[in-house]
Amino acid sequence: LLSRRQRQMCIRDRYRMFKREFGVSTQEYILIYRLEVADNCITHTSMSFKTIAVECGFNNYAHFSGSFKRYKGVSPKEYREQTEKQKLLQINKNQ
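Here's what I pulled together on the structure shown here. (Residues numbered from 1 in each chain as written. Predicted model: local features only at pLDDT ≥ 70, side-chain atom pairs only at ≥ 80, totals over all residues. Heavy atoms only, no water.)

A few words on the environment of Gly66. With respect to the secondary-structure elements, Gly66 resides in helix α4 (residues 61-72). On the basis of relative accessible area, Gly66 is assigned to the partly exposed category, the value being 23%. Sequence spacing of Gly66 and Pro76 is ten residues, and the spatial spacing of their C-alpha atoms is 9.1 Å. (Helix = DSSP H or I, 4+ residues; strand = E, 2+ residues; numbered from the N terminus. Buried < 20%, exposed > 50% of the residue type's maximum accessible area, 1.4 Å probe, protein only.)

So, on to the pattern of salt bridges. Within the structure shown, the criterion is met by four salt bridges. In this structure, the salt-bridge partner of Arg16 is Asp13, at a minimum N-O distance of 3.0 Å. Taken together, the residues Arg16 and Asp13, both in helix α1 (residues 4-22) and three residues apart, mark about one turn of the helix. Overall, Arg16 belongs to the partly exposed group, its relative accessible area being 46%. Connected through shared salt-bridge partners, Glu36, Asp39 and Lys72 make up one network. (Salt bridge = Lys/Arg side-chain N within 4 Å of Asp/Glu carboxyl O.)

Counting residues in hydrophobic clusters, the biggest one holds 13 residues, and the most contacted among them are Ile42, Ile52, Phe58, Phe64 and Phe68. When contributions to this core are tallied by element, the ones reaching two or more residues are α2 (26-44), α3 (49-55) and α4. Here the element with the most residues in this core is α2; it accounts for four residues. In this structure, Ile52 is in contact with Ala38, Cys41, Ile42, Met47, Phe64 and Arg80, ignoring residues within four places of it in sequence. (Core = buried A, V, L, I, M, F, W, Y, C linked by side-chain atoms within 4.5 Å. Contact = heavy atoms within 4.5 Å.)

Time to look at the packing of aromatic side chains. The full count for this structure, using the stated rule, is seven aromatic pairs. Here Tyr61 and Phe64 contribute two aromatic rings whose centre-to-centre distance is 6.1 Å and whose plane-to-plane angle is 55°, an arrangement assigned as tilted. Of this pair, Tyr61 and Phe64 both sit in helix α4, three residues apart, which is roughly one turn of the helix. Pairing Phe64 with Phe68 gives two aromatic rings, centres 5.8 Å apart and planes at 50°, and the pair type is tilted. In this pair, Phe64 and Phe68 both sit in helix α4, four residues apart, roughly one turn of the helix. Comparing Phe64 with Phe68, the two get one shared label, buried. By the ring-pair criterion, three or more aromatic residues cluster together here, those being Phe58, Tyr61, Phe64, Phe68 and Tyr79. Note that Arg34 overlies the ring of Phe58, its terminal NZ or CZ placed 4.1 Å from the centroid. (Phe/Tyr/Trp six-rings, centres within 6.5 Å; stacked < 30°, edge-to-face > 60°. Lys NZ or Arg CZ within 6 Å of the ring centre and 35° of its normal.)

Below you can see the structure in the form of structure tokens.
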């Protein structure tokens, strides 16, 4: 059996390997994934932002909103408004 120290070293090595492979830490990767799911919900549903936050694993709306804004550069509300405008422009362009 491995000692506790040996197990910790193995875990650290795996985290380093993950970061080398993907360019981000495991925590960052999971956060980005959750924000991409949120992006999809904002773009393709009429779910409330608070519901999206909870569904994507955020403990509260403020944490979700701040993380989303750092990732996308705009708040969830602004992002939904932008995507709705883009959809309307695309519809009008195709007519």
